[in-house]
Amino acid sequence: MFRTTATPAERSRRRAERRAGADYTGGVYGSMLASSVVIGAGSLGQFPRTELVLLLLLTGVVFWIAHVHAQLFGARLAQQAPDRALVLHVCRDEWPIVKAAVPPAVAVAISPLLGLDVRGAVWLALCVAVVGQIGWSVAAARRAGASPRLIAVTASVNLFLGLLIIVFKIVLKH
């Protein structure tokens, strides 16, 4: 069994350092990915809500694995052989890709409680993903110490990208 000798204060300090160094790029990317999944879902089968929830979550996990793999066996492999600590570090750093898929999936799952049909659930998930994309970008900018102006710029750019995805949904009409 793996045991640590770190004190609770040391563990708390390490968690704070990880949060301070957090990179929300994966969250922005994951939200855009979730939006793309929703507009690309097309016709769903007999259980459309369940299928869309699974499609969102599983796509997030697959892309998370792809990013972890790329990080571990791309540039990092040339620098050092991956060990357990490095693998866990990369898995944790890329986890926002999966986290970003959860709110749109939850939106689809609770959509019947809101009285939405499947089409309404799809639109709700798409809007939640776009709001998440903007939220992740604002969080990243704030974490980086960006000025209020730069925070507004990143929010605006991500709003534009989200609206562009929504336009694609309207144009594709499926």
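Residues numbered from 1 in each chain as written. Predicted model: local features only at pLDDT ≥ 70, side-chain atom pairs only at ≥ 80, totals over all residues. Heavy atoms only, no water.

*Asks:* Report on the overall build of the chain, specifying residues and quantitative values.
*Replies:* Along the backbone of the chain there are nine helices and zero strands. Classification of the 174 residues of the chain by burial places 33% in the buried group. Long-range contacts, defined here as pairs at least 24 residues apart, represent 72% of the contacts in the chain between residues at least 6 apart. Total accessible area computed for the chain in this model is approximately 10600 Å², and 67% of it derives from carbon and sulfur atoms. (Helix = DSSP H or I, 4+ residues; strand = E, 2+ residues; numbered from the N terminus. Buried < 20%, exposed > 50% of the residue type's maximum accessible area, 1.4 Å probe, protein only. Contact = heavy atoms within 4.5 Å. Areas by Shrake-Rupley, 256 points an atom, 1.4 Å probe, with all protein chains shown as cover.)

*Asks:* Describe in detail the nonpolar core, supporting the description with residues and values.
*Replies:* Judged by nonpolar contacts, the single largest core of 20 residues is most densely connected at Val 38, Leu 52, Leu 56, Val 108 and Leu 126. Going through the elements one at a time, helix H2 (25-40), helix H3 (48-73), helix H7 (102-110), helix H8 (118-143) and helix H9 (148-172) are the ones with two or more residues in this core. Dropping the residues within four chain positions of it, Val 38 is found in contact with Leu 56, Val 122, Ala 125 and Leu 126. Within the second largest apolar cluster, seven residues are counted, among which are Trp 64, Val 68, Val 90 and Val 98. (Core = buried A, V, L, I, M, F, W, Y, C linked by side-chain atoms within 4.5 Å.)

*Asks:* Explain the UniProt feature "transmembrane region" (unreviewed entry) in the chain to me, using residue names and the numbers behind them.
*Replies:* The UniProt entry lists residues 21-41, 53-75, 120-138 and 150-172 under the feature "transmembrane region" (unreviewed entry), expressed in the numbering used here. End C-alpha to end C-alpha, residues 120-138 measures 27 Å, and it is 100% helix and 0% strand. End C-alpha atoms of residues 150-172 are separated by 33 Å, and the span's content is 100% helix alongside 0% strand. (UniProt positions renumbered as here; feature names shortened; annotations may be inferred.)

*Asks:* Which residues make up the packing of H2 against H8, and what are the values?
*Replies:* When two helices pack together, their arrangement is given by the angle between the helix axes and the distance between those axes. The N-to-C vectors of H2 and H8 enclose an angle of 165°; their axes lie 8 Å apart at closest approach. Between H2 and H8, the interaxial angle falls into the category roughly antiparallel. For the pair H2 and H8, the crossing hand works out as left-handed. Between H2 and H8, the contacting residues are Gly 27, Val 28, Ser 31, Met 32, Ala 34, Ser 35, Val 38 and Ile 39 on the first element and Val 122, Ala 125, Leu 126, Ala 129, Val 130, Gly 132, Gln 133, Trp 136 and Ser 137 on the second. (Axes fitted to C-alpha atoms, helices over the stretch in contact; angles between N-to-C directions. Parallel < 35°, antiparallel > 145°, perpendicular 65-115°, else oblique. Left-handed = near helix turned anticlockwise from the far one by under 90°.)

*Asks:* I'd like a rundown of the packing of aromatic side chains, residues and numbers included.
*Replies:* One pass over the full model with this rule turns up one aromatic pair. Ring geometry for Trp 64 versus Trp 95: centroids 4.9 Å apart, planes at 85°, classification edge-to-face. One end of the pair, Trp 64, is in helix H3; the other, Trp 95, is in the loop between helix H5 (84-94) and helix H6 (96-99), and 31 residues separate them in sequence. (Phe/Tyr/Trp six-rings, centres within 6.5 Å; stacked < 30°, edge-to-face > 60°.)

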